[in-house]
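# Structural features, examined
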Amino acid sequence: MKRYCVIMAGGIGSRFWPLSKNNYPKQFLDILGTGKSFIRATYERFLPLVPSENFIVVTNAAYKDLVLQQIPEIKETNVLCEPMRRNTAPCIAYAVYHILSQCPEASIAVTPADHLVTNEREFQRIIGRGLDFVEQHRDALMTIGIKPSRPETGYGYIEVNDKQNDAIVPVASFKEKPDLENAKKFLAAGNFFWNSGIFLWSTDAIMSAFRQYLPDLVHLFDEGKNMFGTAQEQAFINNQFERCENISIDYGVMERSKSRYTVAADFGWSDIGTWGSLYTHAAHDEDRNAVSGHAVVVETANSVVNIEYGYEAIVQGLDHCLVALRDHSLLVCRLDDEQQIKQWVEKL
């Protein structure tokens, strides 16, 4: 009953434009056609480890109703609404202060809302072991590493000194998203893992880290410490949140900590953060196309064609390309250039 799960669900998934938009972002979509949205699948994946009353969802105020529609089991008071985006460190701090008002001795799993996991039993084994570890080592900050299957340039990496499989080991360093040459070196070395963005810690460990590395953030939240868990919480957050530094938990805490640990996992993980990652996991036709919707695809290979229901498309003569039509918006680009979609959307 002292285990909590914090689901971060405030992003807009702009790299998945035009499927993911401000009014209905990626975490609430069933992009893979599984019958469940990403956030619903995330909730069910953690449910064997955490009681439903101990789930916290941090999201944008505009998405509160969507969260409650898709996860009706959680309490409305456990849907925490950020008045604006301030990256993951303030998001997590908000959730931790809320949890402290309920259970000062909690252990916490923090997860993005929009990941794919294909081997849920192995996922639950790894997360369960990790929660056991942080409950026994109250100063430990743990992140889940993923054994890389390819030289991926879209993920950050975790370096360890100990290659022992299935062991919880100290983190040597964190590496930014590499270029292809360095990604190949990381894969060949065998002691680099993808950074999943899933974290495990006790309230003692994360609060100690916040006090040491992000004292200004602690000061802001301490001003209303007694308001968390009360009717005054939202008004306090609305007033304070814009004063929080826009900083990720990785930069703000994990890269500075001396008590960080990881375990290399292999449970069929992907963040499905781009069209390319969707292409990897989608079903393909005989020409290696991933086609969704009413489309005729001619002389085209290795491409994604995703057409909204109610529309029709004919696509001819493409290779390694993306064609997506949704909500009166059209995207046509090379799959190799998908990392630029976010910048293009900002221009639009």
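Residues numbered from 1 in each chain as written. Predicted model: local features only at pLDDT ≥ 70, side-chain atom pairs only at ≥ 80, totals over all residues. Heavy atoms only, no water.

Looking now at the sheet that holds strand β18 (residues 329-334). Read from one edge to the other, the open sheet built from four strands follows the order β13-β15-β17-β18, with strand pairing classed as mixed. Strands at the two margins of the open sheet, each flanked by one partner only, are β13 (290-292) and β18. Here the average twist between neighbouring strands, direction ignored, is 5 degrees. Here β13 runs beside strand β15 (residues 304-307); their pairing, made up of three bridges, is parallel. Each bridged residue has a counterpart across the sheet, and for Val291 the counterpart in β15 is Val305. (Pairing = 2+ DSSP bridges. Helix = DSSP H or I, 4+ residues; strand = E, 2+ residues; numbered from the N terminus. Axes fitted to C-alpha atoms, helices over the stretch in contact; angles between N-to-C directions.)

By the definition in use, this model includes 19 aromatic pairs. Each ring, one from Phe186 and one from Phe192, has its centre 4.3 Å from the other, and the planes form 15 degrees; the classification is stacked. Grouping residues by exposure puts Phe186 and Phe192 together as buried. Note on Phe199 and Trp201: the rings are 5.4 Å apart at their centroids and 15 degrees apart in plane angle, and the pair reads as stacked. No difference in accessibility class separates Phe199 from Trp201, as the two residues are buried. Note that Lys26 overlies the ring of Phe38, its terminal NZ or CZ placed 5.8 Å from the centroid. The lysine or arginine in question, Arg45, covers the ring of Phe123, its NZ or CZ lying 5.7 Å from the ring centre. (Phe/Tyr/Trp six-rings, centres within 6.5 Å; stacked < 30°, edge-to-face > 60°. Buried < 20%, exposed > 50% of the residue type's maximum accessible area, 1.4 Å probe, protein only. Lys NZ or Arg CZ within 6 Å of the ring centre and 35° of its normal.)

Turning next to the environment of Ile158. Tracing the sequence through the fold places Ile158 in strand β7 (residues 157-159). Put simply, Ile158 and Pro72 are 86 residues apart on the chain and 36 Å apart in space, counted from C-alpha to C-alpha. Excluding residues that lie within four positions of it along the chain, Ile158 makes contacts with Thr143, Ile144, Gly145, Val171, Ser173, Phe174, Asn191, Phe192, Phe193, Trp194, Asn195 and Thr262. (Contact = heavy atoms within 4.5 Å.)

Let us now look at the pairing of strand β10 (residues 192-202). Within β10, eleven of the eleven residues are buried, leaving the element largely enclosed by the surrounding structure. In this structure, strand β4 (residues 107-112) lies alongside β10, joined through four bridges in antiparallel fashion. Along β10, the bridge assignment pairs Ile108 with Trp201. Relative to β10, strand β6 (residues 141-146) runs antiparallel, the two sharing five bridges.

Right, let's get into the pairing of β18. Of the two faces of β18, only the one carrying Ser329, Leu331 and Cys333 is buried; Leu330, Val332 and Arg334 on the other face are not. Sheet analysis places strand β17 (residues 321-326) next to β18, joined by six bridges and oriented antiparallel. Looking at the pairing, Cys321 lines up with Arg334 of β18. The loop that links β17 with its antiparallel partner β18 comprises two residues; one of these, Asp327, has a positive phi angle of about 55 degrees.

This brings us to the environment of Gln136. Considering the arrangement of structural elements, one finds Gln136 in helix α4 (residues 120-136). Sequence spacing of Gln136 and Arg15 is 121 residues, and the spatial spacing of their C-alpha atoms is 39 Å.

A cluster of nonpolar side chains, Val296, Val298 and Ile314, forms an exposed patch at the surface whose accessible area comes to about 270 Å². For Val296, the position within the fold is in strand β14 (residues 294-298). (Patch = residues over 30% accessible without salt bridge, like charges linked within 9 Å, V, L, I, M, F, W, Y side chains within 5 Å. Areas by Shrake-Rupley, 256 points an atom, 1.4 Å probe, with all protein chains shown as cover. Salt bridge = Lys/Arg side-chain N within 4 Å of Asp/Glu carboxyl O.)

This part is about the nonpolar core. Nonpolar side chains in soluble globular proteins generally cluster together in the buried interior. Among the nonpolar cores identified, the biggest contains 50 residues, and Ile108, Trp201, Phe210, Phe221 and Ile249 are the most heavily contacted of them. It is helix α3 (residues 88-100) that contributes the most residues to this core, nine residues altogether. For Ile249, the contacting residues outside a window of four places in its chain are Thr88, Ala89, Ile92, Phe199, Trp201, Ile206, Phe210 and Met254. Among the nonpolar cores identified, the runner-up in size contains 42 residues, and Phe28, Tyr63, Val79 and Met142 belong to it. (Core = buried A, V, L, I, M, F, W, Y, C linked by side-chain atoms within 4.5 Å.)

Scope: geometric values only; no functional claims are made or implied.
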